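# Coordinate inspection notes
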Amino acid sequence: MPPAEDGFTQVKARKNLTQTDPNVETPPKPPSNSGKRTFPDALKQYVARTFETIPVGQDKEDIEAELKRIITDAYEKDVVWTLQWQSMPLPQELLKRRKEQDGNVQTSETSNKDSDRFKFGIAPTRTTVVTTATPPKTSPPVFQTTYSPKQESSPVTKRKSTYSKLEDSELFEKRARLDVSRKFSASAAPPPLPKDYRSGEPQGLGPVVGRCTELEKRYFRLTSAPNPDAVRPLHVLEKTLALLKKKWKSEQNYNYICDQFKSMRQDLTVQHIKNEFTISVYEIHARIALEKGDLGEYNQCQTQLFSLYKTVKGGYADEFRGYYLLYLLHTCNNSDINEYLASLTPSEKKTKGVAHALLVRAALAQGNYHKLFKLYMDCPGMGAYLMDLFIPRERIAALAVMCKAYRPDIGIKFLTDELGFESYRECVEFLCENGAENCLQSIDADNIRLLTPQARPIFEAKRAAAYSKIDIKGQI
Amino acid sequence: MADYRLVYRSFRDAYHQRRGSLLAKVLTPTHPCFSSLAWSATPNSKLRDIWTELFPNRNYAPCYTETEAKGWVDVFAAWFEVSYAIERGNGGRGRDWEKAYEAMSEMTQHVLRGFQNSGWPNWLLPVLYAVCTNLRLIAIKADHVLVARTPDKPEKWEKLEDAARLVNRAFTICLGDRAALEDSKKWGVYFMATIMFKTYFKLNQISLCKNVQRALNAQKSDLPSFDDFPRSHRVPYLYFTGMIYFLDSKYAEAETYLSDAYRMCHPDSIHNQTLILTHLIPCRLASQRAIPSEAFLRKYPDLHRLYFGVLSAIQHGRLKEFDEALEASEDELVKKRVFLTLERGRQICLRNVLRKTWRNLEQDDKTKVHIETFRIGIALRSGTPVQDVDIEEVECLLTNMIANGLMKGYIAHERGMVVLSAKDPFPGTPL
């Protein structure tokens, strides 16, 4: 499937906070579609008004039913062209009036059903509930009398296939994701609303205030304005973080943890929360990503962290400043390194992590592999995970240099020490992996030697490949 | 205070004589009438006032049509607003850079419209240069004000980014002009490209310069020959192109462009020469291991101060001095983006240490040198006790020397020996 057609393109951007789903957002079908019926423009506008202003607390199905009843009525009484639709009260108003008369029985029932429905399906057991509890809530296009099967099914199938492409984890039932997407596109809102809450207000002006109380939530990339019911407020997120820390310790399931942290970060972003807690969320996620070698996710966190450190106090800025330099060393981007050096203050340069990273930088710049691998052995914090990224490349570079300078051979023992390998074995394996197996000569069991003239072209070619983007490295 | 009417008179004269550079002078804040212009009208009356001043008696000369004349009234109305904001803004205190930027941006748009829609001829290009230059400078001022007002917010170059978009439009207009060469606005491309470069350097988005270069390269065959452009357009363009290569660590290319820029630079412009040499010297150090003479450096006091210590330490193989000099001016060197390049000079410094050590050897066979000997040499020259110099590190430094062609020979690790080439063991240096 081409990327443009992934599951999310189906979801249309919402212009308001109301519970809409893709089908409703499509403008009313032209009369020709229904064959025999045509509609006055005023009625079309009336319908549009109805869907624009559905309050969050009200059940859409009821409103749709009411709307249908009104229109059918108008047809049957043959007043559809004469009725003053502009001044006609909206179905939700009619319903509200009726409810006020009947007393409020309906709502509590719905909210029960809904809160069940929006529990997150993390364990497979939970998903059974989800599946049974979700008859498709998609409503028919207003002027269509039957569901069009095409419109009904396309978002579903698309999401399914996207899901299977994106996620190989067995943990989550496909349905779970489906449900999440529905949660964003068509949610009902059981918790009580603030009094002055107006549903039709345009979004995106100010921060959202979340009302979700679930601790866990799957990450779903927003395609429309966030729904406060699916967003967890700060005090819930604090509990979430505690829970996730515990889970990470006990389960070590990176796919799950990464996903959960992404959804936390999203909730923080949409609520414009920027405080110490935000920093710790990003820091913890960054550390976990680092540990698992997920550089992409790590970089996202790191970028956010540096912008947070500028305005918010707290966190472990010194630690991450050091990591950032190591990260830049991995990317070999000299201008970025220069910019970063320019931005560091003298006191920042003295902190443990930064000072170490600066030494690493100097060692790299001078081709001083001896010092480099010593620093690698003695790396503060989680810096070693970052150094792991470029250590193989630097070993190759060092081997290229050594093969040129040493003759006729070098002992594996010496190489093992100089290049920071844990054992002879690891060293020999590294040499073999890089195609130098034929350049090894075994004098006796304890003395294996690398024949440098033969190995030199191999490592020089490898070095050129490793630095293909920055081929000046190592030259003066 | 010079009479503001001079502005309009100068305009009419310059326009009549088709002298773009004279006309452009009228539209710069350094014009003697700039401040009196601010008092020549009020924002409400400006259009009427400018009409009567610019074209007395509804006589459109030197313009031909009313539309043409109106275009200029708009330009001058915006220019009046710029002067008003700078001289009288802020409730009379002046220097309202944000307002000035808004007016400047409007003025730029009028000028762009003139070139794009009203067929302004290419002799008016100096007006475009002046307007874009002012736009950039005022945007920087406005951003400083904005940043100073909101110290909590991370630094942003809001106005300058906006200015970059306008300047880019101007650049595109020049580049896309299809008129015959003598009438073409293509003559403006290198000047405009330079303004783009300056802006992107300031915004720290140097990678965007590549878009400008790419656009120029794509049009290369349609452009006039580079040598036919005025020197004042070529030198800055060469300088920035060299800088872009320099920052990419492409020292050979950088050296070509920077040397060209240096060669063509006005002999009296010590400032511009200093700018060029700031990068050309490290460049030649990195690519050719060349060090300028002290006499040469003395011509440029700033460069002498910045580089002399480091360079003479390299030349005389004084490791300790080198490290100290580099550390002492690290901040400034980093800011000038030359630190990482200059740092590579340590290898040359080290080579000189090794050569000196080797020359002073009193042994018959000078091709076999103990690593220990070099260790002592390095210790002496870096001012550290011998026991603090790691012998393995020395060996590592020696391998780098050999691999980088600074020393000819090989290392026999087990014997703790360097076997040097009998002929020319330190290539490229006098024995």
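Below you will find a few notes about this structure.

What counts as what
Residues numbered from 1 in each chain as written. Chains lettered and ligands numbered in written order. Predicted model: local features only at pLDDT ≥ 70, side-chain atom pairs only at ≥ 80, totals over all residues. Heavy atoms only, no water. Helix = DSSP H or I, 4+ residues; strand = E, 2+ residues; numbered from the N terminus. Buried < 20%, exposed > 50% of the residue type's maximum accessible area, 1.4 Å probe, protein only. Areas by Shrake-Rupley, 256 points an atom, 1.4 Å probe, with all protein chains shown as cover. Contact = heavy atoms within 4.5 Å. Phe/Tyr/Trp six-rings, centres within 6.5 Å; stacked < 30°, edge-to-face > 60°. Pairing = 2+ DSSP bridges. Axes fitted to C-alpha atoms, helices over the stretch in contact; angles between N-to-C directions. Parallel < 35°, antiparallel > 145°, perpendicular 65-115°, else oblique. Left-handed = near helix turned anticlockwise from the far one by under 90°. Nonpolar A, V, L, I, M, F, W, Y, C, P; charged D, E, K, R; others polar. Expected span 1.5 Å × (residues − 1). Polar contact = N/O pair within 3.5 Å; in protein donor to acceptor, adjacent residues only side chain to side chain. 1 Å grid on protein atoms, 1.4 Å probe; cavity = no way out; pocket = protein on both sides within 12 Å on 5 of 7 lines; lining within 4 Å. Points joined across faces, edges and corners; volume = space filled by probe spheres on them. Domains from an automatic or database assignment. Core = buried A, V, L, I, M, F, W, Y, C linked by side-chain atoms within 4.5 Å. Buried area = accessible area lost by both parts, 1.4 Å probe. Salt bridge = Lys/Arg side-chain N within 4 Å of Asp/Glu carboxyl O.

Helix and strand content of chain B: 21 helices and three strands. Looking at chain B as a whole, 53% of its 431 residues qualify as buried. On chain B, roughly 20100 Å² of surface is accessible, and the fraction owed to carbon and sulfur atoms is 49%.

Looking only at helices and strands, chain A has 22 helices and three strands in total. A separation threshold of at least 6 residues defines the contact pool for chain A, and within that pool the share at least 24 residues apart is 67%. About 23400 Å² of surface is accessible on chain A, with carbon and sulfur atoms providing 53% of the total.

A separate point is the packing of aromatic side chains. All names here are of chain B. Under the definition given, this model contains 39 aromatic pairs over all chains. Geometrically, the ring pair formed by Phe 11 and Phe 76 is edge-to-face, given 5.2 Å between the ring centres and 80 degrees between the ring planes. Within this pair, whereas Phe 11 is found in helix α1 (residues 5-17), its partner Phe 76 is found in helix α5 (residues 66-87), the two being separated by 65 residues in sequence. Taking relative accessible area as the criterion, Phe 76 reaches 1% and is therefore assigned buried.

Turning our attention to the sheet that holds strand β2 (residues 440-444) of chain A. Residues and elements named next belong to chain A. If you trace the three strands from one edge of the open sheet to the other, you get β1-β3-β2, paired in antiparallel fashion. The open sheet terminates on both sides in strands that have one partner only, identified here as β1 (409-411) and β2. If you compare each strand with its neighbour and ignore which way they point, the axes differ by 30 degrees on average. As defined by bridge partners, β2 adjoins strand β3 (residues 447-451) across four bridges and the pair is classed as antiparallel. Paired with Ser 442 across the two strands is Ile 448, which belongs to β3.

Moving on, we get to the packing of α1(B) against helix α4 (residues 46-54) of chain B. All names here are of chain B. It is the contact of α1 with α4, at a shortest axis distance of 9 Å, that shows an interaxial angle of 55 degrees. As the angle between them shows, α1 and α4 are arranged oblique. Crossing geometry of α1 relative to α4 is assigned as right-handed. Contacts between α1 and α4 involve Arg 5, Tyr 8, Phe 11 and Arg 12 from the first element and Ile 50, Glu 53 and Leu 54 from the second. Partitioned by chemical class, the residues of the contact of α1 with α4 number four nonpolar, no polar and three charged.

Here we take up the pairing of strand β2 (residues 409-412) of chain B. All names here are of chain B. In this structure, β2 lies alongside strand β3 (residues 417-420), joined through four bridges in antiparallel fashion. By the bridge assignment, Ile 411 is partnered in β3 with Val 418. Linkage of β2 to β3, two consecutive antiparallel strands, is achieved through a turn of four residues, within which Gly 416 is found at a positive phi near 65 degrees.

Attention shifts here to the sheet that holds β2(B). Sheet strands pair via backbone hydrogen bonds, and the direction of the pair is either parallel or antiparallel. Residues and elements named next belong to chain B. Read from one edge of the open sheet, three strands run β1-β3-β2, paired in antiparallel fashion. Of all strands in the sheet, those with a lone pairing partner are β1 (368-370) and β2, marking the two edges. Ignoring which end each strand starts from, the neighbouring axes of this sheet average 25 degrees apart.

Let's shift gears to helix α11 (residues 254-270) of chain A. Residue and element names in this part refer to chain A. The terminal C-alpha atoms of α11, which comprises 17 residues, lie 24 Å apart, in line with the 24 Å expected from a rise of 1.5 Å per residue. The buried count for α11 comes to 15 of 17 residues, which makes it a mostly enclosed element. The backbone nitrogen of Asn 255 has a side-chain oxygen 3.2 Å away, supplied by the residue at the start of α11, namely Asn 253. Directly after α11, the chain includes His 272, whose backbone phi takes a positive value near 55 degrees.

Assignment of secondary structure puts His233(B) in helix α11 (residues 231-247). Judged by its relative accessible area of 7%, His233(B) is buried.

Right, let's get into the packing of α5(B) against helix α6 (residues 97-116) of chain B. Residues and elements named next belong to chain B. Closest axis-to-axis distance for the α5/α6 pair is 8 Å, and the angle between their directions is 165 degrees. Considering their axes alone, α5 and α6 lie roughly antiparallel with respect to each other. Here the hand of the crossing between α5 and α6 comes out left-handed. On the side of α5, the interface is formed by Asp 74, Val 75, Ala 78, Trp 79, Glu 81, Val 82, Ala 85 and Ile 86, while α6 contributes Trp 97, Lys 99, Ala 100, Ala 103, Met 104, Glu 106, Met 107, His 110 and Val 111. Classifying every residue of the contact of α5 with α6 gives twelve nonpolar, one polar and four charged.

Bringing unusual backbone geometry into the picture now. Each neighbour pair has its own omega, and for Arg407(A) with Pro408(A) the value is -10 degrees, a cis peptide bond. Within the secondary structure layout, Pro408(A) lies in the loop between α19 (383-405) and β1. Residue Pro62(B) follows Ala61(B) across a cis peptide bond; omega there is 5 degrees. Take Pro62(B): it is sitting in the loop between α4 and α5. A positive phi angle is found at Arg95(B), which is not glycine, with a value near 55 degrees.

Now for the side chain of Glu297(A). Residue and element names in this part refer to chain A. Locating Glu 297 in the fold gives a position in helix α13 (residues 295-311). The buried category is assigned to Glu 297, whose relative accessible area is 8%. Separated by 3.1 Å, the side chains of Glu 297 and Arg 265 make a polar contact. Residues contacting Glu 297, with those up to four places away along its chain left out, are Tyr 254, Cys 258, Lys 262, Arg 265, His 285 and Ala 289.

All names here are of chain B. Relative to the helices and strands, Cys 209 resides in helix α10 (residues 209-218). With a relative accessible area of 0%, Cys 209 lands in the buried category. Linking Cys 209 and Thr 194, residues 15 residues apart in sequence, is a C-alpha distance of 9.5 Å. Not counting residues up to four positions away in its chain, the partners in contact with Cys 209 are Phe 197, Tyr 200, Phe 201 and Ile 244.

Looking now at the layout of surface pockets. Volume-wise, the second largest pocket comes out at about 1000 Å³. As for the second largest pocket, its lining consists of 33 residues, and the residues nearest its centre are Leu359(A), Ala362(A), Gln366(A), Asp323(B) and Glu327(B). Considering every element that reaches the lining of the second largest pocket, the biggest residue donor is helix α16 (residues 319-328) of chain B, with eight residues. Two domains share the lining of the second largest pocket, each providing at least three of its residues, namely domain 2 (294-343) and domain 3 (357-420) of chain B.

Membership of the largest hydrophobic core comes to 229 residues, with the highest contact counts inside it found for Trp72(B) and Phe76(B). Apart from residues lying up to four places away in sequence, Phe76(B) is in contact with Val7(B), Tyr8(B), Phe11(B), Val26(B), Leu27(B), Ile50(B) and Leu54(B). Of all hydrophobic cores here, the second largest spans 15 residues; its members include Leu43(A), Phe51(A), Leu90(A) and Leu94(A).

What follows deals with the interface of chain A and chain B. The interface of chain A with chain B comprises 33 residues on the first partner and 36 residues on the second. For the pairing of chain A and chain B, the buried interface totals around 3200 Å² over both sides, and the portion due to carbon and sulfur atoms is 52%. Linking chain A with chain B are seven salt bridges. For the salt bridge of Glu330(B) with Lys349(A), the shortest nitrogen-to-oxygen distance reads 3.4 Å. Put simply, the parts of the chain that give the side of chain A that touches chain B at least two residues each are α13, α15 (334-343), α17 (352-365), α18 (369-377), α19 and α20 (412-418) of chain A. It is α15(A) that contributes the most residues to the side of chain A that touches chain B, seven residues altogether.

All names here are of chain B. Counting through the fold element by element, Arg 305 comes out in helix α15 (residues 301-315). Sequence spacing of Arg 305 and Ser 329 is 24 residues, and the spatial spacing of their C-alpha atoms is 9.7 Å. Looking at Arg 305, its side chain comes within polar contact range of the side chain of Glu 332, at 3.2 Å.

For the rest of this paragraph, the subject is the pattern of salt bridges. By the definition in use, this model includes 41 salt bridges over all chains. Lys349(A) serves as the salt-bridge partner of Asp331(B), at 3.6 Å between the closest nitrogen and oxygen. Pair noted here: Asp331(B) is in helix α17 (residues 330-335) and Lys349(A) is in helix α16 (residues 346-350), and the two residues belong to different chains. A salt bridge links Lys185(B) to Asp177(B); the shortest N-O distance between them is 3.8 Å. In this pair, the class of Lys185(B) matches that of Asp177(B), namely buried. Counted as one network, the salt bridges with shared partners bring together Lys217(A), Arg232(A) and Asp267(A).

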